[in-house]
Amino acid sequence: RKINKVDAAGRLVEKPQPAPEIPEADRVSRYYGVSYNAGTRKFTAQVTFFSGSPKTIGLYLTQEEAAHAYNDAVSSAGLASRRKFNKVDSAGRLIEKTKIKKLAPVPPSRRSRYYGVYYVRSTGNYEAQYRDARGKRHSIGTFKVQENAALAYNATVRRLGLVSRRKMNEVDSAGRLVEKPPKR
């Protein structure tokens, strides 16, 4: 059985309405210091003071209200020069933060273009390796660019006197590496 609340004058008190559901695309904040709270269906304004832990300023129905509250808290705490600040145009409207999207690096081919060079997926680097006279594999090092790994492989094989036993990466007359022929 539901019991309705009544105020001091005997009038029926209405239950507060829940915040409206916000579409998934609008939940991502367009302003600094603002995040979406799915439990309350509201936007939270938070600022990090000198202690290092974020402090909640409040919950707001719109991102814009939360961004203005964040700006007020940052400026009243004297942190405007130390914290990111939501920019406002001449009419007083907030300007959305510009997010620079990092393009995902183009995944290199799983096959290296040079002898003794292998791509390490976990780090995104290239590893130069050689096999000694007994066939045991040894790592030379990791490199961001596979051409540098190939040059290190060549130098190591020459230094160890394994030129006659191992394939070498060819270098043209201009000093550039020549890619190994593709496997069929």
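Right, let's walk through the structure included here. (Residues numbered from 1 in each chain as written. Predicted model: local features only at pLDDT ≥ 70, side-chain atom pairs only at ≥ 80, totals over all residues. Heavy atoms only, no water.)

**Thoughts on the sheet that holds strand β6 (residues 137–143)**
- With antiparallel pairing, the three strands of this open sheet are ordered in space as β4-β5-β6. Of all the strands in the sheet, just β4 (117–120) and β6 have a single pairing partner and so form its edges. Across the sheet, the mean angle separating the axes of adjacent strands is 30 degrees when strand polarity is ignored.
- Where β4 meets strand β5 (residues 125–131), four bridges bridge the pair, whose relative direction is antiparallel. Within β5, the residue paired with Val120 across the bridge is Asn125.
- Sitting on the sheet, helix α2 (residues 146–159) is in contact with β4, β5 and β6, with an inclination near 15 degrees to β5. (Pairing = 2+ DSSP bridges. Helix = DSSP H or I, 4+ residues; strand = E, 2+ residues; numbered from the N terminus. Axes fitted to C-alpha atoms, helices over the stretch in contact; angles between N-to-C directions. Contact = heavy atoms within 4.5 Å.)

**Regarding the packing of aromatic side chains**
- Enumeration according to the criterion identifies two aromatic pairs in this entry.
- Between Tyr36 and Phe43, the aromatic rings sit 5.2 Å apart at their centres with planes inclined by 65 degrees, giving edge-to-face as the arrangement.
- Residue classification places Tyr36 among the buried residues on the basis of a relative accessible area of 17%.
- Residue classification places Phe43 among the buried positions, given a relative accessible area of 3%.
- Between Arg137 and the ring centre of Tyr118, over which it is positioned, the NZ or CZ distance is 5.3 Å. (Phe/Tyr/Trp six-rings, centres within 6.5 Å; stacked < 30°, edge-to-face > 60°. Buried < 20%, exposed > 50% of the residue type's maximum accessible area, 1.4 Å probe, protein only. Lys NZ or Arg CZ within 6 Å of the ring centre and 35° of its normal.)

**A short note on α2**
- Over its 14 residues, α2 runs 20 Å from end to end, which matches the ideal 20 Å to within 8%, given 1.5 Å per residue.
- For α2, the full list of buried residues reads Gln146, Ala149, Ala150, Ala152, Tyr153, Asn154, Thr156 and Val157.
- Residues of α2 that are buried in the fold lie against β4, β5 and β6.
- Just downstream of α2 lies Gly161, where phi reads positive at about 70 degrees. (Expected span 1.5 Å × (residues − 1).)

**Some remarks on unusual backbone geometry**
- One non-glycine residue, Arg41, lies in positive phi territory at about 60 degrees.
- Here Arg41 shows up in the loop between β1 (34–37) and β2 (42–48).
- You can call Arg41 partly exposed: its relative accessible area is 33%.

**Brief notes about helix α1 (residues 63–76)**
- Here α1 contains 14 residues, and its C-alpha end-to-end distance of 20 Å stays within 8% of the 20 Å for a straight helix at 1.5 Å per residue.
- Every buried residue of α1 is listed here: Gln63, Ala66, Ala67, Ala69, Tyr70, Asn71, Ala73 and Val74.
- Check the buried side of α1 and you find it contacts β1, β2 and β3 (54–60).
- Note on α1: the residue one or two positions beyond its end, Gly78, has a positive phi of about 75 degrees.

**Looking at the nonpolar core**
- Counting nine residues, the largest nonpolar core consists of Tyr31, Val34, Tyr36, Phe43, Ala45, Ala66, Ala67, Ala69 and Leu94.
- Examining the composition of this core, we find that three residues originate from one element, α1, more than from any other.
- With near-sequence residues (within four places) excluded, Leu94 lies in contact with Tyr31, Glu64, Ala67, His68, Asn71, Asn86, Lys87 and Val88.
- One finds Tyr114, Ala128, Ala149 and Leu177 within the second-largest nonpolar core, a separate group that totals seven residues. (Core = buried A, V, L, I, M, F, W, Y, C linked by side-chain atoms within 4.5 Å.)

Fair warning: the whole summary comes from geometry, so function is off the table for now.
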